[in-house]
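# Summary of the model geometry
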Amino acid sequence: MAAKFCPEQRVRVVPVFAPGHTRTPCYCRGKVGKVERVLPAFLNPEEEAYGRVDGPRKVLYRVRFPMRELWPDYAGPLRDCLEVEIFEHWLEPVA
């Protein structure tokens, strides 16, 4: 399965607040970060949580967010960041 995004590419986490089990933290939805690395494809844990284990695999990414992108009033150093592993269907490209 080919990855849609590459390292250093800017991406936005889709701002969807879906019911049920989701693996993408609410605090990063709608926020912009950079792909730090492309990880292997895995079964979608949002489907696995309900016993559906026959679906397609989804590419996983490690996305790096500046802390101030996530929390605008963050008072720490500008270089501080948080890395979150997010599946491809939760990401969209940023121009």
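Just above sits the structure.
Because the structure is predicted, anything quoted here is derived from the model rather than measured.

What follows deals with the overall build of the chain. Along the chain, the regular secondary structure elements total 2 helices and 5 strands. Shown N-terminal to C-terminal, the secondary structure of the chain runs as helices and strands in the order β-β-α-β-α-β-β. In terms of overall size, the chain behaves like a compact globule, its C-alpha atoms giving a radius of gyration of 14 Å where 95 residues would be expected to give roughly 12 Å. Counting only C-alpha atoms and orienting by the principal axes, one finds that the chain spans roughly 45 × 30 × 20 Å. Buried residues in the chain amount to 35% of all 95 residues. Roughly 5,800 Å² of accessible area belongs to the chain as shown, and the carbon and sulfur atoms make up 55% of that amount. Here the chain contributes 15 positive and 13 negative side-chain charges, whose respective centroids are spaced 3 Å apart.

What counts and how
Residues numbered from 1 in each chain as written. Predicted model: local features only at pLDDT ≥ 70, side-chain atom pairs only at ≥ 80, totals over all residues. Heavy atoms only, no water. Helix = DSSP H or I, 4+ residues; strand = E, 2+ residues; numbered from the N terminus. Rg over C-alpha atoms; globule rule 2.2 N^0.38 Å. Buried < 20%, exposed > 50% of the residue type's maximum accessible area, 1.4 Å probe, protein only. Areas by Shrake-Rupley, 256 points an atom, 1.4 Å probe, with all protein chains shown as cover. Lys, Arg positive; Asp, Glu negative; His and termini not counted. Charge placed at Lys NZ, Arg CZ, Asp CG, Glu CD.

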